[in-house]
Amino acid sequence: MVNNTHFGGFILLGFPGQPQLEMIISGVVFLFYTIALMGNMAIILLPLLDERLQTPMYFFLRNLAILDLCYITNIVPQMLVNVWGKDKKISFGGCAFQLFTDVTLCTVECMLLAVMSYDRFNAVCKPLHYMTIMNPQLCRTLVAMTWGVGVTNCMILSPYAMSLPRCGNHHLDHYFCEISAMVKIACVDTTAMEETLFALCFFIFLTPLLLILVSYGFIAIAVLKIKSAAGRQKAFGTCSSHLIVVSIFYGTVIYMYIQPGNSPSQDEGKLLSIFYSIVTPSLNPLIYTLRNKEFKGAMKKLIGKEKRSLETTGH
């Protein structure tokens, strides 16, 4: 029970009336959070220790890992506190920060995946000029551009969503401060907000997806022109990990936000949110590292150094 007169924050309901489901979900979330922390930290640190990983592809991959770490850390700690404790409150400032961060990072990830497809296009279709085209200045500019779009989108949507009248309703039917859940508790007509949200989601999600599809169209044509099977396999190997990540992320987001017809039910929407905001950042490092020979080689080299160092110390 909350005193509506003095309480300015929100109650994150999660999955009300289903404590066993919440405990199962929280256990799964904690597991994936641990995997995400270790996997993304490895992607961030290994290129700094191995010169072979200091290429444009790994520059973008490090930025994706940093993004995923921020994304998952923005949500999971507060979620676990609410599930494992009796108090499901979050302050207005904490909710606003969570919402602003979520919108920004989700937008940046869409843009960054498109930038990474452009990088793969140059690597496969223009291999002789790849390092010249994807020079450090262009790489930094492209990453800065993705963050610029993310912050701009956040500044358009988030303040409006947070300022909608709620008539004393503090109960947010979600496990974190997500923009569609925030719009649903408004006590005024939100048609204009929902149309704006749909239009921006359509543009932010589908424009980068179109660029990705165009890039991979050219990549497919270039790969088919390669005569040797080994050459085709190598070219496909440089892109397959990125394609898997794009398929998982965009498939979930499109189904949730911009699918034709009816939108998912509230509980289904919450489960989908868990998938794209918690499970996907955990899978990304596994997909990239398990399928990448250079990365596995750098990991083995680092582990070998650590073993030799321990043996030397022991003697």
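What counts, and where the lines are drawn
- Residues numbered from 1 in each chain as written.
- Predicted model: local features only at pLDDT ≥ 70, side-chain atom pairs only at ≥ 80, totals over all residues.
- Heavy atoms only, no water.
- Helix = DSSP H or I, 4+ residues; strand = E, 2+ residues; numbered from the N terminus.
- Buried < 20%, exposed > 50% of the residue type's maximum accessible area, 1.4 Å probe, protein only.
- Contact = heavy atoms within 4.5 Å.
- Axes fitted to C-alpha atoms, helices over the stretch in contact; angles between N-to-C directions.
- Parallel < 35°, antiparallel > 145°, perpendicular 65-115°, else oblique.
- Left-handed = near helix turned anticlockwise from the far one by under 90°.
- Nonpolar A, V, L, I, M, F, W, Y, C, P; charged D, E, K, R; others polar.
- Salt bridge = Lys/Arg side-chain N within 4 Å of Asp/Glu carboxyl O.
- UniProt positions renumbered as here; feature names shortened; annotations may be inferred.
- Pairing = 2+ DSSP bridges.
- Phe/Tyr/Trp six-rings, centres within 6.5 Å; stacked < 30°, edge-to-face > 60°.
- Disulfide = S-S within 2.5 Å.

**Focus: the overall build of the protein**
Thought 1: The helix and strand inventory of the protein stands at ten helices and three strands.
Thought 2: Counting from the amino terminus, helix and strand elements in the protein follow one another as β-α-α-β-α-α-α-β-α-α-α-α-α.
Thought 3: Among the 315 residues that make up the protein, the fraction classed as buried is 48%.
Thought 4: Partitioning the contacts of the protein with sequence separation of at least 6, the portion at a separation of at least 24 is 79%.

**Considerations on the packing of helix α2 (residues 56-84) against helix α3 (residues 92-125)**
Thought 1: Closest axis-to-axis distance for the α2/α3 pair is 10 Å, and the angle between their directions is 160°. As judged from the angle between their axes, α2 and α3 are roughly antiparallel. For the crossing formed where α2 meets α3, the hand is left-handed.
Thought 2: Grouping the constituent residues of the contact of α2 with α3 by class yields 16 nonpolar, five polar and five charged.

**Side note on the pattern of salt bridges**
Thought 1: A complete count under the given rule lists two salt bridges for this structure.
Thought 2: Linking Glu22 and Lys88 is a salt bridge whose minimum nitrogen-to-oxygen distance equals 3.5 Å. Of this pair, Glu22 sits in helix α1 (residues 19-49) while Lys88 is found in the loop between α2 and β2 (89-90), placing the two residues 66 residues apart along the sequence.
Thought 3: Relative accessible area serves as the criterion here: at 9%, Glu22 is assigned to the buried category.
Thought 4: In this structure Lys88 comes out as partly exposed when scored by relative accessible area, which is 22%.
Thought 5: Between Arg120 and Asp119 there is a salt bridge; the shortest N-O distance is 2.9 Å. The pair Arg120 / Asp119 is uniform in exposure class, with both members buried.

**Quick word on the UniProt feature "transmembrane region" (unreviewed entry) in the protein**
Thought 1: Using the residue numbers shown here, the UniProt feature "transmembrane region" (unreviewed entry) corresponds to residues 23-46, 58-76, 96-118, 138-162, 197-224, 236-258 and 270-290.
Thought 2: When the span residues 23-46 is considered, its composition is 100% helix and 0% strand, and the gap between its end C-alpha atoms is 34 Å.
Thought 3: In residues 197-224, the share of helix is 100% and the share of strand is 0%. The end C-alpha atoms are 40 Å apart.

**Looking at the sheet that holds β2**
Thought 1: Taken together, the three strands give an open sheet; going across it, the order is β2-β1-β3, and neighbouring strands pair in mixed fashion. Bordering the open sheet on either side are β2 and β3 (171-172), each of which pairs with just one other strand.

**A few points about the packing of aromatic side chains**
Thought 1: Tallying each qualifying case throughout the model produces seven aromatic pairs.
Thought 2: Relative to Phe60, the ring of Phe59 lies with its centre 5.6 Å away and its plane at 65°, an arrangement referred to as edge-to-face.
Thought 3: With relative accessibility at 0%, the residue Phe60 sits in the buried group.
Thought 4: When the ring of Tyr175 is compared with that of Phe176, the centres are 5.0 Å apart and the planes differ by 55°; the resulting orientation is tilted. Exposure class is identical for Tyr175 and Phe176. Each is buried.
Thought 5: Members of the aromatic cluster, each reached through a chain of ring pairs, are Tyr118, Phe121 and Phe218.

**Considering the state of the cysteines**
Thought 1: A complete count under the given rule lists two disulfides for this structure.
Thought 2: Note on cysteine connectivity: Cys95 is disulfide-linked to Cys177, with sulfurs 2.0 Å apart. Linking Cys95 and Cys177, the disulfide has an S-S dihedral of approximately -120° and is accordingly described as left-handed. You can see Cys95 sitting in helix α3 and its partner Cys177 sitting in the loop between β3 and α6 (179-184), a full 82 residues away along the chain.
Thought 3: Given a relative accessible area of 0%, Cys95 falls into the buried group.
Thought 4: Here Cys177 falls in the buried class, since its relative accessible area comes to 0%.

**Some details on the environment of Ile226**
Thought 1: Of note, Ile226 is situated in the loop between α7 (191-225) and α8 (229-257).
Thought 2: Residues contacting Ile226, with those up to four places away along its chain left out, are Gly231, Arg232 and Ala235.

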